[in-house]
Number of protein chains: 2
Amino acid sequence: MSSSLDDVAQLAGVSPATVSRALRGLPSVAVTTRDRVRAAAAELGYVSSPSASSLASGRTATVGVVVPYLDRWYFSTVIAGAEKVLREAGMATLLYNIGDTAGRTRFFAELPLRKRVDAVLVLSLPLTEPETQALTGLDLPVVSVGQVAEGIPMVGIDDYAATRSAIRLLAQLGHRDIAFIGQLDPVPLGFPTPRARLRAYQDAMAEFELGEPMEADGHFTVSGGETAMTTLLTGAKRPTAVFAASDEMAFGALRGLRKTGLRVPEDVSVVGFDGHELTGLVDLTTVAQPVADQGATAARLLLDWLGDGTPPPSKTLLKTRLVLNGSTGPVPAA
Amino acid sequence: MSSSLDDVAQLAGVSPATVSRALRGLPSVAVTTRDRVRAAAAELGYVSSPSASSLASGRTATVGVVVPYLDRWYFSTVIAGAEKVLREAGMATLLYNIGDTAGRTRFFAELPLRKRVDAVLVLSLPLTEPETQALTGLDLPVVSVGQVAEGIPMVGIDDYAATRSAIRLLAQLGHRDIAFIGQLDPVPLGFPTPRARLRAYQDAMAEFELGEPMEADGHFTVSGGETAMTTLLTGAKRPTAVFAASDEMAFGALRGLRKTGLRVPEDVSVVGFDGHELTGLVDLTTVAQPVADQGATAARLLLDWLGDGTPPPSKTLLKTRLVLNGSTGPVPAA
DNA sequence: CTGAAAGCGCTAACAC
DNA sequence: GTGTTAGCGCTTTCAG
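As the structure is a prediction and not an experimental result, all values here were calculated from the model. (Residues numbered from 1 in each chain as written. Chains lettered and ligands numbered in written order. Predicted model: local features only at pLDDT ≥ 70, side-chain atom pairs only at ≥ 80, totals over all residues. Heavy atoms only, no water.)

Engineer: Go over the protein's contact with DNA strand D with me, naming the residues and quoting the values.
Structural biologist: Taken together, 26 residues lie near DNA strand D, and Thr18(A), Arg21(A), Ser20(B), Tyr46(B) and Arg59(B) sit nearest. At a separation of 2.8 Å, a phosphate oxygen of DNA strand D approaches a polar side-chain atom of Thr33(A). Leu5(B) places a main-chain nitrogen or oxygen 2.8 Å from a phosphate oxygen of DNA strand D. Of all the secondary structure elements, the ones that give two or more residues to the surface near DNA strand D are helix H2 (16-23) and helix H4 (50-57) of chain A together with helix H2 (16-23) and helix H4 (50-57) of chain B. Ranked by residues supplied to the surface near DNA strand D, first place goes to H4(B) with four residues. For the surface near DNA strand D, a count of residues per class yields twelve nonpolar, ten polar and four charged. (Near = heavy atom within 4 Å. Polar contact = N/O pair within 3.5 Å; in protein donor to acceptor, adjacent residues only side chain to side chain. Helix = DSSP H or I, 4+ residues; strand = E, 2+ residues; numbered from the N terminus. Nonpolar A, V, L, I, M, F, W, Y, C, P; charged D, E, K, R; others polar.)

Here it is, written out as structure tokens:
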């Protein structure tokens, strides 16, 4: 049933080596032979065996994509962007979801990607030093999205500047008491993104000479955002505006405000971060980042690296933009 | 650097064949030998080459997951469910996003999964007859989620019954003029899910002796849902309740209602379908389906099939449940 | 329970 | 340009 290279060779009247060369489009094959080989291959419905060619060539034509979550908007969107580029380049995408701590430990201990892929894409996975070394130790091209780690080129956005622009917007609207919902505790694994956003908030509050920073932890979830909002509302000073370090947390904040009977933006303005697909739905002003694009860019860098052997620059930053919706307005008169 | 089976064999003082058997945990190896081999492998940091073993054994330890979208909540969640099960079973997940029509044609023409995977999971991909044949012609275990196709076992939900329960809920609340937002035009590729929901709606309207069916096409998108809602509101008879065949369309409907100044549920009740993670946020009553679970179940069926060679039942249906939130209420008095 | 031998189907030098 | 010759690193009969 399933035909081999040799069958094709026989049908085309050439050697197997020539078939291999012809089918891969190597230049060192006469055009006529190439066409003859192709015809023969088509006639037999020949498909090459990836395992055999990997074994012989050492290349797998596969890229491993390592993610901490699969079912969150941000991650699935980045993956979609990367997968498209890889697919169009004839590369297969091997998906690896890190999962919980146990899965994570196992992943870095066993490195199930070893000998299975030609390159690795790491998505927003905060890496410890040993983990970084495990990856770079694979001796394969590795590019990360949204994550800086020693020796791993990254694609991302300027979290600091983007956050700053959001705070500036609120300041320009007259707000002084601007609260922050994000991740506060020094996360064990040190996700750098949350930290940069928090730091930018703190710096901007000082720089624009606004009120005292008010911070609450929203754990990057909708419900966490709601809780954080509630906490902020019961504080000594009630904020007139809130910046949430993710749209999901901002969604939660909106819900918290609604439950408390406060109106947005009349009583409190809210700004989110990410450009989530549903910000339009709830009319949330947000700092939109190009999500799919980061995945696509990272994939392209990986392909180029694979092509010419030269690693990409250590940092590739894409632009964010402020998307004004109805959740922001001037500071209340009172 | 990278050691081979033979190195391990030498270190352990046995033959390569025995190493292979020991490392795979075959029963025909003495416990003492097995341990000795394992120790040797660990010492050398040995990792077997998947390509070599695939080539020799014909098995790839990989499952192909074919999807029409990657960045939609429903799909990424199903994938997450499946990937987890596969990963825990030591199977790799090869992701293939069909993409646009061109990509689709190419996919079924070339079947890039051929010889790369041991089994295939097809997610909610409406398949034409030839496409179905292309897949079953691979002669591999294939299971689909949410999609019936001749000869392909499926995992899904009872769309008809679930929709009926939503209409019944609205009927019990006193609503008679219940509109439907879904997919109306006979989709070329005949997604069966939308059809079942539409049919259930129509049947239920008759069965419960409610008003004349009012239908609008929402194309399964947020904005489509909004447009559909607007259309329905300008019709001869204004509905007091709306059933949307997906939460995304329901989100759009909510926005449409809000823009028109109508209150939910005082003026109009809304019910969605899916159990989207953000239904809680917008307080949408919905028919929740077990999404990740469908992926996980399908993956398990595939693994079992791979294990014992017996195909699963042609249909495995999981339970849905009505999640009551604030978007539904009794029919307005007027 | 273990070893020897024979490939799996392709690619890569190396000749011509 | 093309053929020849060796493997790539495993698994799998078949013996014993």
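Engineer: Just give me the short version of the domain arrangement of chain A, but keep the residues and values in it.
Structural biologist: Taken domain by domain, chain A holds domain 1 (5-57), domain 2 (62-156 + 291-317) and domain 3 (159-288). In this structure, domain 1 of chain A and domain 2 of chain A have C-alpha centres spaced 33 Å apart. (Domains from an automatic or database assignment.)

Engineer: Which residues make up the interface of chain A and chain B, and what values go with them?
Structural biologist: The partner chain B presents 44 residues to the 44 residues of chain A that form the contact. Carbon and sulfur atoms make up 58% of the surface buried where chain A meets chain B, a total of about 3900 Å² over both sides. If you sort the residues of chain A by the area they bury against chain B, Arg87(A), Lys115(A) and Leu281(A) come out on top, with a joint share of 18%. At the boundary of chain A with chain B, the tally comes to zero salt bridges. Put simply, chain A and chain B have eleven residue pairs in polar contact (both at pLDDT 80 or more) between them. (Contact = heavy atoms within 4.5 Å. Buried area = accessible area lost by both parts, 1.4 Å probe. Salt bridge = Lys/Arg side-chain N within 4 Å of Asp/Glu carboxyl O.)

Engineer: Outline the UniProt feature "domain: HTH lacI-type" (unreviewed entry) in chain A, supporting the account with residue identities and numerical values.
Structural biologist: Sequence positions flagged by UniProt for "domain: HTH lacI-type" (unreviewed entry) are, in local numbering, residues 3-57 of chain A. Annotation note: span residues 3-57 of chain A, helix share 69%, strand share 0%, distance between end C-alpha atoms 20 Å. (UniProt positions renumbered as here; feature names shortened; annotations may be inferred.)

Engineer: Explain helix H6 (residues 101-110) of chain A to me, using residue names and the numbers behind them.
Structural biologist: Residues and elements named next belong to chain A. Those residues of H6 that fall on the buried side of the exposure criterion are Gly103, Arg104, Phe107 and Phe108. Take H6 and look down its axis: the buried residues cluster within an arc of 125 degrees, on one side only. Turned more than 90 degrees from where H6 packs its buried face, Thr101, Ala102, Thr105 and Ala109 sit exposed. Tucked inside the fold, the buried residues of H6 contact strand S1 (62-67), strand S2 (92-97) and helix H7 (129-136). Looking one or two residues beyond H6, the residue adopting positive phi is leucine 111, at roughly 45 degrees. (Buried < 20%, exposed > 50% of the residue type's maximum accessible area, 1.4 Å probe, protein only. Arc of directions from axis to C-beta.)

Engineer: Could you give me a rundown of the side chain of Arg116(A), with the residues and numbers involved?
Structural biologist: Residue placement: Arg116(A) occurs in the loop between H6 and strand S3 (119-123). One buried charged residue, Arg116(A), remains without a salt bridge, the closest side chain of opposite sign being Asp118(B) at 8.0 Å. Apart from residues no more than four positions distant in its own chain, Arg116(A) is found in contact with Thr60(A), Thr62(A), Leu94(A), Pro50(B), Thr60(B), Ala61(B), Thr62(B) and Ala92(B). (Lys, Arg positive; Asp, Glu negative; His and termini not counted.)

Engineer: Which residues make up the packing of helix H10 (residues 222-233) of chain B against helix H11 (residues 247-260) of chain B, and what are the values?
Structural biologist: The relative placement of two packed helices is expressed as an angle between their axes plus a distance between the axes. Residues and elements named next belong to chain B. Put simply, H10 and H11 touch, their axes get as near as 6 Å, and they point 50 degrees apart. What the angle tells us is that H10 and H11 run oblique. The handedness of the crossing between H10 and H11 comes out as right-handed. Judged by residue contacts, Val222, Ser223, Gly225, Glu226, Met229 and Leu233 of H10 engage Glu248, Met249, Phe251, Gly252, Ala253, Arg255, Gly256, Leu257, Lys259 and Thr260 from H11. The residue makeup of the contact of H10 with H11, split by class, is seven nonpolar, five polar and four charged. (Axes fitted to C-alpha atoms, helices over the stretch in contact; angles between N-to-C directions. Parallel < 35°, antiparallel > 145°, perpendicular 65-115°, else oblique. Left-handed = near helix turned anticlockwise from the far one by under 90°.)

Engineer: Account for the protein's contact with DNA strand C, with residues named and values stated.
Structural biologist: Among the 26 residues in the neighbourhood of DNA strand C, the closest are listed as Leu5(A), Ser20(A), Tyr46(A), Arg21(B) and Thr33(B). The protein-proximal atoms of DNA strand C, defined as those within 4 Å of the protein, are 69% sugar or phosphate. At a separation of 2.7 Å, a phosphate oxygen of DNA strand C approaches a polar side-chain atom of Thr18(B). Residue assignment for the surface near DNA strand C shows that the elements contributing at least two residues are H2 and H4 of chain A together with H2 and H4 of chain B. Top element by residues in the surface near DNA strand C is H4(A). It accounts for four residues. In terms of residue class, the surface near DNA strand C is made up of twelve nonpolar, ten polar and four charged.

Engineer: Give a detailed account of the packing of aromatic side chains, specifying residues and quantitative values.
Structural biologist: Per the stated rule, a full pass over the model turns up 14 aromatic pairs over all chains. Ring centres 5.0 Å apart and planes at 90 degrees place the aromatic pair Phe107(B) and Phe108(B) in the edge-to-face group. Just as Phe107(B) is buried, Phe108(B) falls in that class too. One aromatic cluster is present, formed by Phe180(A), Tyr201(A), Phe243(A) and Phe273(A) through successive ring pairs. Residue placement shows Arg197(A) over the ring face of Phe273(A); its charged tip is 3.7 Å from the ring centre. One Lys or Arg, Arg87(B), reaches over the ring of Tyr96(A) and ends 5.8 Å from the middle of that ring. (Phe/Tyr/Trp six-rings, centres within 6.5 Å; stacked < 30°, edge-to-face > 60°. Lys NZ or Arg CZ within 6 Å of the ring centre and 35° of its normal.)

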